[in-house]
Amino acid sequence: MDEKLISGKAIGKEIREEIKEKVAELKKEGCTPGLAVILVGDNQASHTYVRNKQKSSGEVGMKSELVELPSTVTEDELLGHVAKLNADDSIHGILVQLPLPNHIDENRIILAIDPAKDVDGFHPVNVGKMMIGQQTFLSCTPYGIMKLLERKNIPVRGKHAVIVGRSNIVGKPMGQLLLQQDATVTYCHSKTEDLPAITKQADILVVAIGRTKFITAEHVKDGAVVIDVGMNRDENGKLCGDVDFDAVVEKASAITPVPGGVGPMTITMLLENTLQSAEQTLAESQGQK
Ligand code: NDP
């Protein structure tokens, strides 16, 4: 079974080692990549994600800055913090941890982030660039999945990729990135009729729904590559994906586990984007001399 596993834990570690080396090179040139995270309120899951992001950025030698704000913060105050970080030359990446409290318009906050520092790849300018295949910050989870496929030498060209889920941060960009690598892409969502009939056609099945063990063996073709983005808790509080791993692993040729699959790649690609941003800033400043 182990040979079927696509370990984001191992591949993410490998990539973070490479990032660490590049950060050390940048530091020699006087540039320390800096990542700022804005955390609003006391959502426990958000606190855990932010802690992990900070820990990982520290481990690769980046500067990390945390702006912690109460859930009562106003939209204008939050915009003020974003503007301050936009203007801070020591910060190359800005991330606002979602979700935000209901009284704050997430879209307005994302729009306020300088696209050149939008390392989450959520700003419409960067989403647009991604759509037309221009160099930009790619949304971290789909970017991480593309890296997993690449490092495991899983061919994409000409393959039928089925994406279940069409969110702006996972499903939609995932399909675009696979399309750019010449996959034939089908999107499924909650209104899709006869889901198993479609998922069963997938050579590569990416599942990002948010429902515990929703995808069973009946949804999967023999030999399919299965990527499970879901991060859910089962009835015992154990972390699990959208795929019924024990049943699907029998049919899949390769599969990501949860935990240890897609999750570690998301943080890794956030660091990769921050590194790219710092490299770009340094290149621009050297070009100006
Ligand atoms: P969203 O809730 O934004 O989107 C869920 C998508 O799943 C929607 O497009 C929805 O369809 C679709 N869906 C829901 N029910 C069904 C169904 N019965 N059949 C088919 N499609 C369905 O979720 P996200 O994309 O943000 O996240 C998805 C999962 O991935 C979550 O578990 C989340 O925690 C996890 N996640 C993990 C990350 C990681 O790093 N590992 C990063 C980001 C997310 P419709 O549009 O019609 O409503």
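Residues numbered from 1 in each chain as written. Predicted model: local features only at pLDDT ≥ 70, side-chain atom pairs only at ≥ 80, totals over all residues. Heavy atoms only, no water.

Help me out: how do you make sense of the packing of helix 2 (residues 44-59) against helix 10 (residues 262-288) in this one?
Packed helix pairs are specified by the crossing angle of their axes together with the interaxial distance, meaning the distance between the axes. With their axes 10 Å apart at the nearest point, helix 2 and helix 10 run at an angle of 55° to one another. Considered as vectors, helix 2 and helix 10 are oriented oblique to each other. Pair helix 2 / helix 10 crosses with right-handed handedness. Where helix 2 abuts helix 10, its residues Asn 52, Lys 53, Ser 56 and Ser 57 lie against Ile 267, Leu 270 and Leu 271. Here the residues of the contact of helix 2 with helix 10 are counted per class, giving three nonpolar, three polar and one charged. (Axes fitted to C-alpha atoms, helices over the stretch in contact; angles between N-to-C directions. Helix = DSSP H or I, 4+ residues; strand = E, 2+ residues; numbered from the N terminus. Parallel < 35°, antiparallel > 145°, perpendicular 65-115°, else oblique. Left-handed = near helix turned anticlockwise from the far one by under 90°. Contact = heavy atoms within 4.5 Å. Nonpolar A, V, L, I, M, F, W, Y, C, P; charged D, E, K, R; others polar.)

It is not clear to me how the environment of Asp 194 should be interpreted in this structure. Could you clarify?
On the secondary structure map, Asp 194 appears in the loop between strand 5 (184-188) and helix 8 (195-199). For Asp 194, a relative accessible area of 52% translates into the label exposed. Along the sequence, Asp 194 and Arg 16 sit 178 residues apart, while their C-alpha atoms lie 40 Å from each other. (Buried < 20%, exposed > 50% of the residue type's maximum accessible area, 1.4 Å probe, protein only.)

Explain the layout of surface pockets here, please?
By rolling a water-sized probe across the atoms, one finds the places where empty space is left. The space that makes up the largest pocket amounts to roughly 1,300 Å³. Tyr 49, Thr 141, Met 231, Gly 263 and Thr 266 are the residues nearest the centre of the largest pocket, which is lined by 45 residues in total. Those elements that provide at least two residues to the lining of the largest pocket are helix 1 (8-28), helix 2, strand 3 (93-96), helix 6 (140-151), strand 8 (232-233) and helix 10. A class-by-class count of the residues in the lining of the largest pocket yields 22 nonpolar, 15 polar and eight charged. The residue makeup of the lining of the largest pocket includes at least three contributed by each of domain 1 (30-115) and domain 2 (140-263). (1 Å grid on protein atoms, 1.4 Å probe; cavity = no way out; pocket = protein on both sides within 12 Å on 5 of 7 lines; lining within 4 Å. Points joined across faces, edges and corners; volume = space filled by probe spheres on them. Domains from an automatic or database assignment.)

I keep staring at the pairing of strand 7 (residues 225-228) and nothing clicks. Help me out?
As a general feature of sheets, a regular strand has side chains that alternate between the two faces. The side-chain alternation of strand 7 yields two buried faces, one formed by Val 225 and Ile 227 and the other by Val 226 and Asp 228. In this sheet, strand 7 lies alongside strand 6 (residues 204-207) in parallel orientation, the contact comprising four bridges. When the sheet's bridge partners are listed, Ile 204 is paired in strand 7 with Val 225. Direction of pairing for strand 7 relative to strand 10 (residues 254-255): parallel, over a ladder of two bridges. Looking at the pairing, Val 225 lines up with Ala 254 of strand 10. (Pairing = 2+ DSSP bridges.)

In this structure, what is going on with empty space enclosed by the protein? I would like to understand it.
By the definition in use, this model includes one cavity of 30 Å³ or more. Among the elements that take part in the lining of the largest cavity, strand 3 stands out by supplying three residues, more than any other. Taken together, the residues that form the lining of the largest cavity break down as seven nonpolar, no polar and two charged.

Any chance you could explain the site of the ligand here in plain terms?
The local shell around the ligand holds 21 residues, among which Arg 166, Ser 167, Ser 190, Met 231 and Thr 266 are the closest. The side chain of Arg 166 places a nitrogen or oxygen atom 2.7 Å from an oxygen atom of the ligand. Interatomic distance of 2.6 Å between a side-chain N/O atom of Ser 190 and an oxygen atom of the ligand. Computed on the free molecule, the ligand has an accessible area of 930 Å², of which 72% lies beneath the protein chains in the complex. The element best represented in the shell around the ligand is helix 10, accounting for three residues. Its residues placed into classes, the shell around the ligand shows nine nonpolar, ten polar and two charged. (Near = heavy atom within 4 Å. Polar contact = N/O pair within 3.5 Å; in protein donor to acceptor, adjacent residues only side chain to side chain. Areas by Shrake-Rupley, 256 points an atom, 1.4 Å probe, with all protein chains shown as cover.)

Is there a simple way to explain the pattern of salt bridges in this structure?
Two side chains bearing opposite charge may form a pair once their charged atoms approach each other closely. Here the structure, examined in full by the defined rule, presents nine salt bridges. Glu 65 is the salt-bridge partner of Lys 63, the closest N and O atoms lying 3.8 Å from each other. Owing to a relative accessible area of 30%, Lys 63 belongs among the partly exposed residues under this scheme. The partner of Lys 221 in a salt bridge is Asp 203, and the shortest N-O contact between them spans 2.7 Å. Here the residue Lys 221 occupies a position in the loop between strand 6 and strand 7, and Asp 203 occupies one in the loop between helix 8 and strand 6, the gap between them amounting to 18 residues. With relative accessibility at 29%, the residue Lys 221 sits in the partly exposed group. Three or more residues are tied together by salt bridges with common partners; here these are Glu 14, Glu 18 and Arg 151. (Salt bridge = Lys/Arg side-chain N within 4 Å of Asp/Glu carboxyl O.)

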